[in-house]
Amino acid sequence: RVRPGFNTNEQGITVYYGNVHHLMFDHCSVSWGPDDVLDTLVDPDKDHYIDVQKCIISEALFAGGWEVGSAGAMLAAGDATRFISLTGSLLAHAVRRMPWWKAAVIGNISNNFMYNSSESYIVVSNDQGGGPFFAIVEGNYVKQGPTADRVIGAVMSGTGAAGSELFLNDNTKVASAFGLTDFELTAGYDPRVGSRPASAVIPSYTAYDSSLVPGAIVANAGARPLDRDSVDTRVVNDAINGTGGVI
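Note that the coordinates shown come from a computational prediction; the quantities given were computed from them, not determined experimentally. The residue count restarts for each chain, going from 1 along the sequence in the order it is written. Owing to the predicted nature of the model, reporting of local features is limited to residues with pLDDT of at least 70; listing and counting of side-chain atom pairs is limited to 80 or more, with chain, interface and lining totals taken over all residues. Side-chain figures throughout are based on the complete set of non-hydrogen atoms in the structure, without hydrogens or water.

Student: Residues and numbers for the overall build of the protein chain, please.
Tutor: For the protein chain, the count of helices and strands is 2 helices and 19 strands. Contact criterion: two residues are considered in contact whenever any of their non-hydrogen atoms come within 4.5 Å of each other. A sequence separation of at least 24 residues applies to 77% of the contacts in the protein chain between residues at least 6 apart. Each accessible area is a Shrake-Rupley result for a 1.4 Å probe, and residues are judged covered by the shown protein chains and nothing else. Summed over its atoms, the accessible surface of the protein chain is roughly 9,800 Å², and 53% of this surface lies on carbon and sulfur atoms. The way it works is that DSSP assigns letters per residue, a run of H or I at least four long becomes a helix, a run of E at least two long becomes a strand, and they are numbered from the N terminus.

Put into structure tokens, the structure is as follows:
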């Protein structure tokens, strides 16, 4: 469990440059980061293979003392991260980035529960430069919560990089009174394609039906899911019951 808290300059978990590759974050509980709760900033033009699975990533600090515009953010993967996967995880209570794949990332976002954001849920783009991105977003469960104050896309994307590919399939959305759209194009051309980009496929992984995601999260996500602490228990209950809010 990693929870930095207010008045720090530390993220929850950061993969930060250098010769990093073949990392797995499994059954982690990461909360209370002042910028992103978990992020990757890595050397480009390398194969990284970073897996985040069955984690609880929650309660990004909107008033954490970090720079205006990035506070309250959840998870970002940047600087041409290749390959990153996010599966079987709960992301709850943040202003933005649930997650944000940016700058020519190759990755897969499957079978996650995204709950209670005001500005964005799943964002795949290359608005920080670089070449095309390749992404699969499949079998996720996106649910608005009390923080919602506008209509936004469950998945957002914007790119000016020719050849970018975004495959979407079976992403359930549960909207509040403000509403969720399936997809929102934020800039550039529409990168959606009808088949999975081969470079973004997780070997030996088949996404299951998005209707099963809430039950799988309750059973399996976070540190010691059979013996959760009070923070994880509260966050999971918030996601299921539609309660709680951004800190």
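Student: With reference to specific residues and values, describe the sheet that holds strand β9 (residues 90–94).
Tutor: Across the sheet, 6 strands lie side by side as β3-β6-β9-β12-β15-β18; this open sheet has parallel pairing. Pairing within the sheet leaves two strands with one partner each, and these edge strands are β3 (29–31) and β18 (172–174). Each strand of the sheet is rotated relative to its neighbour by a mean of 10°, with strand direction disregarded. Pairing between two strands is assigned when DSSP locates at least 2 bridges connecting them. In this sheet, β18 lies alongside strand β15 (residues 141–143) in parallel orientation, the contact comprising 3 bridges. Pairing of Y141 across the sheet is with T172, part of β18. Across the face of the sheet, helix α1 (residues 213–220) comes into contact with β9, β12 (113–117) and β15 while running at roughly 95° to β12. In this analysis, axes come from line fits to C-alpha atoms, helices being fitted only over the stretch in contact, and the angle between any two N-to-C directions falls in the range 0 to 180 degrees. Contacting β3, β6 (56–58), β9, β12 and β15, helix α2 (residues 230–241) runs over the sheet at an angle of about 85° to β9.

Student: Lay out the pattern of salt bridges with the relevant residues and their values.
Tutor: Salt bridge, as used here, is a side-chain nitrogen of Lys or Arg placed within 4 Å of a carboxyl oxygen of Asp or Glu. For the structure on display, the rule yields 10 salt bridges. Residues R96 and E119 are paired through a salt bridge, measuring 3.0 Å at the closest nitrogen-oxygen approach. Residue R96 is located in the loop between β9 and β10 (100–101), and its partner E119 is located in the loop between β12 and β13 (122–125); the two are separated by 23 residues in the primary sequence. A salt bridge links R192 to D190, with the nearest nitrogen and oxygen atoms 2.6 Å apart. Judged by relative accessible area, R192 falls into the partly exposed class, the value being 41%. Each residue is assigned to one of three classes by its accessible area relative to the maximum for its type, calculated with a 1.4 Å probe on protein chains only: buried under 20%, partly exposed between the two thresholds, exposed over 50%. Residue D190 is classed as partly exposed on the basis of its relative accessible area of 32%.

Student: Talk me through the nonpolar core; I want residue IDs and the actual numbers.
Tutor: Joining through side-chain atoms within 4.5 Å is the link that ties buried Ala, Val, Leu, Ile, Met, Phe, Trp, Tyr and Cys residues into a set, and such a set is a nonpolar core. Grouped together as the largest cluster of nonpolar side chains are 39 residues, with contacts concentrated most on I57, W101, I109, I122, V124 and L166. In terms of residue count, the dominant contributor to this core is strand β16 (residues 152–159) (4 residues). Core analysis: the next-biggest nonpolar cluster, separate from the first, contains 12 residues, A92, Y115, Y141 and V213 among them.

Student: Quick rundown of the sheet that holds strand β5 (residues 50–53)? Include the residues and the values.
Tutor: Reading across from one edge, β2-β5-β8-β11-β14-β17 is the order of the 6 strands in this open sheet, with parallel pairing throughout. Unpaired on one side and paired on the other, β2 (23–26) and β17 (165–169) mark the two borders of the sheet. The average undirected angle you get between the axes of adjacent strands in this sheet is 5°. Here 4 bridges tie β5 to strand β8 (residues 82–87), and the two strands are oriented parallel to one another. Counterpart to Q53 in the pairing with β8 is T87.

Student: Mind laying out the packing of aromatic side chains, listing which residues take part and the relevant values?
Tutor: Any two rings among Phe, Tyr and Trp, with Trp reduced to its six-membered ring, count as a pair given centres within 6.5 Å; such a pair is stacked if its planes are under 30 degrees apart, edge-to-face if over 60, and tilted if neither. Enumeration over the complete set of coordinates arrives at 1 aromatic pair. Above the face of the W32 ring, R3 is positioned so that its terminal group lies 5.8 Å from the ring centre. Charge-over-ring contacts are defined here by two conditions on Lys NZ or Arg CZ: a distance within 6 Å of the ring centre and an angle within 35 degrees of the ring normal.

Student: Tell me about unusual backbone geometry, and name the residues and values.
Tutor: In this structure, the amide linkage connecting M98 to the following residue, P99, adopts the cis form with an omega of -5°. Mapped onto the fold, P99 is located in the loop between β9 and β10. Of note, the phi angle at W32 is positive, near 60°, even though the residue is not glycine. Tracing the backbone shows W32 in the loop between β3 and β4 (36–41). Phi at Y49 takes a positive value of approximately 50°, unusual for a residue other than glycine. Relative to the helices and strands, Y49 resides in the loop between β4 and β5. With a relative accessible area of 37%, Y49 lands in the partly exposed category.

Student: Tell me about the pairing of strand β11 (residues 106–110), residues and numbers included.
Tutor: For β11, a buried count of 5 out of 5 residues is recorded, marking the element as mostly surrounded by other parts of the structure. Of the two faces of β11, the one carrying I106, N108 and S110 and the one carrying G107 and I109 are both buried. Relative to strand β14 (residues 134–138), β11 is paired through 5 bridges, and the arrangement is parallel. Across the sheet, S110 pairs through a bridge with E138, a residue of β14.

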